[in-house]
Amino acid sequence: DWTVNEKVYTGYARLDIDASLGSMPVTGNIGVQFVRTDQSSSGFNSPGGIGAVRTVVTDGDEYTHILPSATFNFEVGEDMFLRVGAARTLARPRMDQLNASSNASISNQPQGALNSIFSGGGGNPQLRPYVADGVDVSFEHYFDNSGGYFSIASYYKWLSDFVNPNASVVRDFSYLVSSLNVAQQAAFNLSGQQTLGFVSGPDNGASGHIFGVEATLSMPFETFSTSLEGLGFQTSLSYTQSELTVTPPIGAAFDVDVPGLSKWVVNSTIYFEESGFEARVSHRYRSGFLAEFIGISAS
């Protein structure tokens, strides 16, 4: 069993903008958030197995994030808008990754780079949120009063404190020495009585970027003829390029895609809406992507 507690305090200031740049109307806002977090977790250190003695452990962290943002909307022509934005955002890691509990494993042979019989796994109560600094630009053109529009947008995000769920840290397992059996004690002596071992768990050891371009078209067919009222077509296309550089505490850094992001995604719909009746035919395509799965053992 384990518990996670979070106390989050948020303050913000915002200034709305409604002005003109020459003859061009400009709206938007600028602002900043102050987020103070006090997180803690209680759980157990355990060597595992039936009858194992569990040791209560509590850990956590306190930290503050300053999150500025700005959005500007320029009416560059009739029914045409240019939008520019920039912001720092955060997303918190999963609760189970903040878990203070850890398990220990004892081998009958010294193993690994530390030549140790000890190893383990668990969470990280000091884990920080993901942070992204992003900029985005979009252009939108609306077709009269028909409800149709075309837009194209691009964005770039710099990612930091990205969570690597499979990191390893060195931990002292000297509290288990008194519980070793005869075979484990012999292996412990063979290791030179090494009490340090690797513990797998999450850390914030990854950083990278996401770049994307998105285009959307919404076209009611009544734009072409009133006899086609109720019929319409919508489609969107997005291209995403991403990369993470993972720097583990032990071993060489390596690059991977950001999990969950396809390079290409297409969504299209033909619809008919009239007198309370609605029908749609939709199509969706996404290219391959890197995914994260829970193991069969629920680990």
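Here the structure is a predicted model, which means the values were calculated and not measured.

**Here's the deal with helix α1 (residues 182-190)**
Right, so step 1: Buried within α1 are the following residues: Gln184, Ala187 and Phe188. The buried residues of α1 occupy an angular sector of 105 degrees when projected down its axis, which confines them to one face. Structural note: α1 exposes Val182 and Leu190 on the side pointing more than 90 degrees away from its buried face.
Right, so step 2: You can read the cap of α1 off the contacts: a side-chain oxygen lies 3.2 Å from the backbone nitrogen of alanine 183, and it is on asparagine 181.

**Some points on the confidence of the model for the protein chain**
Right, so step 1: Taken over all residues, the pLDDT of the protein chain has a mean of 90, while the share at 70 or more is 96%.
Right, so step 2: When pLDDT is averaged over each element of the protein chain, strand β4 (residues 80-91) comes out on top at 97 and strand β5 (residues 102-111) at the bottom at 86.

**A look at the pattern of salt bridges**
Right, so step 1: Summed over all chains, the structure comprises eight salt bridges.
Right, so step 2: Arginine 36 serves as the salt-bridge partner of glutamate 62, at 3.0 Å between the closest nitrogen and oxygen. Of this pair, glutamate 62 sits in strand β3 (residues 55-77) while arginine 36 sits in strand β2 (residues 24-46), and the two are 26 residues apart along the sequence.
Right, so step 3: A salt bridge links arginine 128 to aspartate 61; its shortest N-O distance comes to 3.0 Å. Note that arginine 128 is positioned in the loop between β6 (116-122) and β7 (130-143) and aspartate 61 in strand β3, a separation of 67 residues in sequence.
Right, so step 4: Note on arginine 128: relative accessible area 29%, which makes it partly exposed.
Right, so step 5: In this structure, a network of salt bridges that share partners links the residues Glu273, Glu278 and Arg280.

**Concerning the side chain of asparagine 204**
Right, so step 1: Within the element layout of this structure, asparagine 204 appears in strand β9 (residues 196-220).
Right, so step 2: A polar atom in the side chain of asparagine 204 sits 2.9 Å from the backbone nitrogen of arginine 128.
Right, so step 3: Setting aside anything within four residues of it in sequence, one finds asparagine 204 in contact with Leu127, Arg128, Pro129, Asp161, Phe162 and Val163.

**Some points on the side chain of serine 218**
Right, so step 1: Relative to the helices and strands, serine 218 resides in strand β9.
Right, so step 2: Leaving out residues up to four positions away in the same chain, serine 218 has contacts with Phe143, Gly147, Gly148, Tyr149, Phe233 and Gln234.

**A short note on the packing of aromatic side chains**
Right, so step 1: One pass over the full model with this rule turns up ten aromatic pairs.
Right, so step 2: Every member of this aromatic cluster is reached through a ring pair, and the members are Phe81, Tyr142 and Tyr149.

**Focus: the environment of valine 84**
Right, so step 1: Looking at the element boundaries, valine 84 is found in strand β4.
Right, so step 2: Considering only alpha carbons, one finds valine 84 and valine 135, 51 residues apart in sequence, at a separation of 7.7 Å.
Right, so step 3: Excluding residues within four positions of it along the chain, valine 84 makes contact with Ala70, Thr71, Phe72, Phe74, Asp136 and Val137.

What counts and how
Residues numbered from 1 in each chain as written. Predicted model: local features only at pLDDT ≥ 70, side-chain atom pairs only at ≥ 80, totals over all residues. Heavy atoms only, no water. Buried < 20%, exposed > 50% of the residue type's maximum accessible area, 1.4 Å probe, protein only. Helix = DSSP H or I, 4+ residues; strand = E, 2+ residues; numbered from the N terminus. Arc of directions from axis to C-beta. Polar contact = N/O pair within 3.5 Å; in protein donor to acceptor, adjacent residues only side chain to side chain. pLDDT = per-residue confidence, 0-100. Salt bridge = Lys/Arg side-chain N within 4 Å of Asp/Glu carboxyl O. Contact = heavy atoms within 4.5 Å. Phe/Tyr/Trp six-rings, centres within 6.5 Å; stacked < 30°, edge-to-face > 60°.

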